[in-house]
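Below, each chain spelled out in residue letters.
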Amino acid sequence: VGKRVQAIYLWWHKPVIDKELLQSLPNLKVIANSGVGMDHLDLKLVASFGVKMANAPRAVSSATADTGMALLLASARRLVEVHNISISPNMDYCEADILGVKVAGATLGIIGMGNIGYKIAVRAKAFEMNILYHNRTRRKVQEEQAVGATYCKKIDSLLQQADFVMLVVSLTPQTHKLIGKRELELMKPTATLINISRGAVVDQEALLAALQTGVIRAAALDVTSPEPLPRDHALLKLKNIIITPHLGIKTDKATYMITEEAVENILAALNGLPLLSEVLPS
């Protein structure tokens with residue numbers, strides 16, 4: 001059926017798009033991805049076959065921003081840890097020293113202020129947080145003012161000031177291990193790192209050491225490298241970390257909207273119309 005295939009809808013990185021598959025589909029016009037991140041695709045290879053590519057940024061941004069804020073709040077108030085205490089058979093009373101950290105009035109540093117990052121800022125403003133952000137390009141002044149965000153040209157400045165650091169960048173060669181030993185040591189010892197982008201944006205061994213030695217207070221990860229982590233990985237044994245299995249977009253409505261957006265892009269490509277969310281190779 002290779003000659004009949006004109007479109008591919010990628011769900012959770014499947015099917016794998018490689019040169020062999022592209023060569024077997026001579027009439028392929030478009031690949032629509034179920035999400036924003038495109039790091040699982042060789043964009044230049046796909047483009048060399050004359051195939052268009054699209055992602056689904058409109059569908060996933062709100063759900064992913066919700067996940068980021070959920071992780072921030074859960075880590076701040078140690079919800080997983082105290083849940084486990086509450087359901088343990090020996091539960092008698094809650095220890096007075098199980099203290100979380102205050103979110104209202106704290107400083108959130110957002111690294112990556114695209115659609116998702118900006119929606120996180122909107123949510124953080126509602127929680128009365130001070131907002132810093134670092135991005136390749138600065139947002140418009142009116143957009144900054146709407147959420148009370150301050151631009152940090154240098155990532156180091158953000159890391160030194162933030163109580164919570166939220167990673168919302170795409171995985172590229174430039175962002176691979178963006179947060180390593182040096183960056184973690186710039187953070188406050190009371191700070192929390194939250195990653196909702198891709199696992200490889202963080203040097204996991206450096207993060208493990210930082211959590212074990214008190215370089216930072218805690219971490220909350222919706223992404224790891226690999227996914228899932230090996231069951232004997234040391235990160236899974238720490239109390240000051242929350243790990244969720246890449247839940248970013250996983251809501252009933254978001255999943256439906258992703259499919260709708262992918263279909264819109266596919267139909268546009270098949271009818272020779274501009275794609276709503278076309279992705280071009282850099």
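Up top is the structure these notes are about.
Residues numbered from 1 in each chain as written. Predicted model: local features only at pLDDT ≥ 70, side-chain atom pairs only at ≥ 80, totals over all residues. Heavy atoms only, no water.

**Brief notes about the overall build of the chain**
Going by this rule: A run of H or I in DSSP becomes a helix once it reaches four residues, and a run of E becomes a strand once it reaches two; helices and strands are each numbered from the N terminus. Any residue under 20% of the maximum accessible area for its type is buried, any over 50% is exposed, and the rest in between are partly exposed; the area is computed with a 1.4 Å probe on protein chains only. In what follows, a contact means two residues having at least one pair of non-hydrogen atoms within 4.5 Å. We get accessible surface area from the Shrake-Rupley algorithm with a probe of 1.4 Å; when it comes to residues, only the shown protein chains can shield them. For the purpose of counting charges, residues Lys and Arg are taken to be positive, whereas Asp and Glu are taken to be negative. His and the chain ends are not included. Taken as the charge location is NZ of Lys, CZ of Arg, CG of Asp or CD of Glu.
Helix and strand content of the chain: ten helices and ten strands. Buried positions account for 46% of the 282 residues belonging to the chain. Considering only contacts within the chain whose residues lie at least 6 apart along the sequence, 62% involve residues at least 24 apart. Summed over all atoms, the accessible surface of the chain reaches about 15000 Å², with 56% contributed by carbon and sulfur. If you average the places of the 31 positive and of the 26 negative side-chain charges in the chain, the two averages end up 5 Å apart.

**Here's the deal with the pattern of salt bridges**
Selection criterion: For salt bridges, the criterion is a side-chain nitrogen of Lys or Arg within 4 Å of an Asp or Glu carboxyl oxygen.
The tally for this structure, following the rule as stated, stands at eleven salt bridges. Note that R198 and D39 form a salt bridge whose closest N and O atoms lie 3.0 Å from each other. Residue R198 is located in the loop between β8 (192-195) and α9 (204-213), and its partner D39 is located in the loop between β2 (30-33) and α2 (43-48); the two are separated by 159 residues in the primary sequence. Close ionic contact of R78 with E81 constitutes a salt bridge, the shortest N to O distance being 2.9 Å. One salt-bridge network, held together by shared partners, links R58, E261 and E264.

**Looking at the sheet that holds strand β4 (residues 107-111)**
Under the convention used in this document: Two strands are counted as paired when DSSP detects at least two bridges linking them. A fitted line through C-alpha atoms represents every axis, and for helices the fit uses only the stretch in contact; the resulting angles, taken between N-to-C directions, go from 0 to 180 degrees.
Read across the sheet, seven strands follow the order β6-β5-β4-β7-β8-β9-β10 without closing on themselves; strand pairing throughout is parallel. Edge positions in the sheet fall to β6 (149-151) and β10 (241-243), since each of these pairs with one other strand and no more. Recorded for the sheet is a direction-independent mean angle of 15 degrees between the axes of neighbouring strands. In this structure, β8 lies alongside strand β9 (residues 218-221), joined through four bridges in parallel fashion. Each residue of the ladder has a partner; that of L193, found in β9, is A219. Of the strands in this sheet, β4, β7 (164-167), β8, β9 and β10 touch helix α3 (residues 57-76), which is tilted by about 150 degrees from β7.

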